[in-house]
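Each chain, letter by letter, is given below.
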Amino acid sequence: MNKLQLIGAFVMAFCSVTVLNAQDATITVKPSEDAPTISKHIYGHFAEHLGRSIYDGFYVGEDSPIPNTDGVRNDLIEALKAIKIPNLRWPGGCFADTYHWKDGIGPQEDRPTIVNTWWGGVTEDNSFGTHNFLNLCEALDTEPYLAGNVGSGTVKELADWVQYVNHDGTSPMADLRKENGREKSWGVTYWGVGNEMWGCGGNMEPEFYANLYRQYATFMGSWNNEAGLYRIASGANSADYNWTEVLMKNIPKNLIDGVALHHYSVIDWGAKGPDVTFSEEQYFTTMKSSLFMDELITKHVAIMDKYDKNKEVDLVVDEWGGWYEVQEGTNPGFLYQQNTMRDAMIAGTTLNIFHNHSDRVKMANLAQTVNVLQAVALTKGEQMILTPTYHILKMYMVHQDAQLIPMDLDTPDYELNGDKLPAISASASKDAEGKTHISLVNIDAHKENTVSIDLSELDIKDFSAEILASEKLQDHNSFEDPKHIMPEGFKDFKFKKGVLEVTLPAFSVVVLEGK
Ligand code: AHR
């Protein structure tokens, strides 16, 4: 063999092991003992007094023929318990800064009504209030996250709410709670200090809100916040980096635990496009907006790092999800939309982004739980259906409180009309029992993609997997066909000599378990 032949033979041998088809994705895992834990609170939910979320979604009333516990439908409680929701945000949203909690306690006949000015202008009877919500959280075994009214409330009102739900001794508010039938406090840790203060929360300048925040946060706790309240400042609207900058600069760290961020996957606020009959162009633009979450977090975190090197303040993405035009024939103020495979793509990729930023992103809330925006459940009378988004949360819950396995991802593009997006999204973690989980998403609307992962550094013997896929991107579960999209067992992968090769169908999500 001459020198050239020798080089050729060497190249051939080398290629057969490591060089993949140019279109394949490769992942290099970088397991590290110092890697952060993926906080389970990234899997938080959000229930606002909006449309059919609370009334007719969660709460059907004790006298309803629909099986319920204290007025909350049992099928929904069961479904949410099955995905281990770690926290639930309430009562808004924009509604929070119009809500006066004292209107929702005590005998029903004494409760005033409230006009829901932001959402459809409907009049509510305040029958679902603080006790209902906090008891529901107990039934769900989830942590409540109360959003306080800063926009139209007072410092005293919020301080009183904290006392009412958290004080176990004798105090005017604790006594009132006991009079209303609840002896023991609920011990609420998570508190939002207003919502979208740059918009529906009062159209404030960040400097003004930062001062207001300091005042509210001071009176919610005591000297050193001995009660351990986790106070979250109303955060930026998507790429408003100045908002985060001003808050981080102007709020002392002893007064703040989390700074929020809201970002919706929306095509164009003036033309959001249909929920089901969307085109591929609209799908592509939605995914572009969804994947933008990665850049947003990176940039907001860089600002936070400037003022908080030790990562004492968390980033809390307490509103995220897809936002489209409402279903035809429904109240435009109720934000009721169907949930398709597009939403599964949003959920899968967004959660991967959160995992990969879990050193700073410690909490997030999908908007919203039921009958509003990217819901996990939709109801119609006695019927309830679970959406593709629900199934993604169920498949992904193995990552809750597991240790992140950092990775480098090299992905092919999903191209449309000369524009491109990364086709593959991925994240991995190791749970307390030592099981490895890898979540892979292929957003390409047409092409299957193969992902190759060298896992030789991890001691894994075997893999099992589940997939969520369907024939069309527009596919969804309906009241007529509630199980059209369901996770299924998946076998299209090979695991040989520590290298895992997975073939992902177009627009699919796969979660693998290795042990
Ligand atoms: O989730 C719906 C609305 O979106 C919330 O009320 C508000 O905070 C955001 O603009």
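Before going into details, it helps to say that this report is about the structure given with it. Every value quoted in this text rests on a predicted model; they were computed, and no experiment measured them.

## So, the site of the ligand
The local shell around the ligand holds 13 residues, among which Glu48, Cys94, Glu196, Tyr264 and Glu319 are the closest. Contact distances for the ligand include 2.7 Å between an oxygen atom and a side-chain N or O atom of Glu48. In this structure, an oxygen atom belonging to the ligand sits 3.0 Å away from a side-chain N or O atom of Asn195. For the ligand, the accessible surface in isolation is 280 Å², of which the surrounding protein chains cover 94%. For the shell around the ligand, a count of residues per class yields 7 nonpolar, 3 polar and 3 charged.

## Brief notes about the pattern of salt bridges
Evaluated as defined, the whole model comprises 22 salt bridges. One salt bridge connects Lys494 with Glu501, and the closest N-O pair in it is separated by 3.9 Å. A single network of salt bridges, built from pairs that share partners, joins Asp305, Asp308, Lys311, Asp359 and Arg360.

## Describing the nonpolar core
Core analysis: the biggest nonpolar cluster contains 136 residues, and Phe58, Trp191, Tyr283, Trp320, Met345, Phe354 and Leu512 have the highest contact counts within it. With 9 residues, helix α8 (residues 280-307) is the largest single contributor of residues to this core. Those residues in contact with Trp191 that lie beyond four places of it in its chain are Tyr145, Leu146, Leu158, Trp161, Val162, Val165, Asn166, Met220, Leu229, Tyr230, Arg231 and Ile232. Of all hydrophobic cores here, the second largest spans 12 residues; its members include Leu50, Trp119, Val266 and Leu373.

## Some words on the packing of aromatic side chains
Inspection of every chain in the model, using the stated rule, returns 22 aromatic pairs. Seen from their ring centres, Trp90 and Phe128 are 6.0 Å apart, and the 75° between their planes marks the pair as edge-to-face. Of this pair, Trp90 sits in strand β5 (residues 87-90) while Phe128 sits in the loop between β7 (123-124) and α3 (130-140), and the two are 38 residues apart along the sequence. Grouping residues by exposure puts Trp90 and Phe128 together as buried. Taking the centre distance of 5.8 Å and the plane angle of 15° together, the rings of Tyr209 and Trp243 count as stacked. Of this pair, Tyr209 sits in helix α6 (residues 206-220) while Trp243 sits in helix α7 (residues 241-250), and the two are 34 residues apart along the sequence. We classify Tyr209 as buried; its relative accessible area is 0%. Three or more aromatic residues joined by ring pairs form one cluster here, namely Tyr55, Tyr59, Trp90, Phe95, Tyr99, Trp101, Phe128, Phe133, Trp161, Tyr164 and Trp191. Against the face of Phe278 rests Arg342, its NZ or CZ located 3.9 Å from the ring centre. The side chain of Arg342 reaches across the aromatic face of Tyr324, ending 3.7 Å from its centre.

## A closer look at the sheet that holds strand β2 (residues 44-46)
Strand order in the closed barrel made by the 8 strands is β2-β5-β8-β9-β10-β11-β12-β13, with parallel pairing throughout. Averaged over neighbouring strand pairs, the angle between their axes works out to 30° when direction is ignored. Where β2 meets strand β13 (residues 361-367), 3 bridges bridge the pair, whose relative direction is parallel. Each residue of the ladder has a partner; that of Gly44, found in β13, is Asn365. Across the sheet, α6 is in contact with β9 (190-193) and β10 (230-237); its angle to β10 comes to roughly 165°. Of the strands in this sheet, β10, β11 (258-265), β12 (314-322) and β13 are in contact with α8, which crosses β11 at around 160°.

Here is what the cut-offs are and how they apply
Residues numbered from 1 in each chain as written. Predicted model: local features only at pLDDT ≥ 70, side-chain atom pairs only at ≥ 80, totals over all residues. Heavy atoms only, no water. Near = heavy atom within 4 Å. Polar contact = N/O pair within 3.5 Å; in protein donor to acceptor, adjacent residues only side chain to side chain. Areas by Shrake-Rupley, 256 points an atom, 1.4 Å probe, with all protein chains shown as cover. Nonpolar A, V, L, I, M, F, W, Y, C, P; charged D, E, K, R; others polar. Salt bridge = Lys/Arg side-chain N within 4 Å of Asp/Glu carboxyl O. Core = buried A, V, L, I, M, F, W, Y, C linked by side-chain atoms within 4.5 Å. Buried < 20%, exposed > 50% of the residue type's maximum accessible area, 1.4 Å probe, protein only. Helix = DSSP H or I, 4+ residues; strand = E, 2+ residues; numbered from the N terminus. Contact = heavy atoms within 4.5 Å. Phe/Tyr/Trp six-rings, centres within 6.5 Å; stacked < 30°, edge-to-face > 60°. Lys NZ or Arg CZ within 6 Å of the ring centre and 35° of its normal. Pairing = 2+ DSSP bridges. Axes fitted to C-alpha atoms, helices over the stretch in contact; angles between N-to-C directions.

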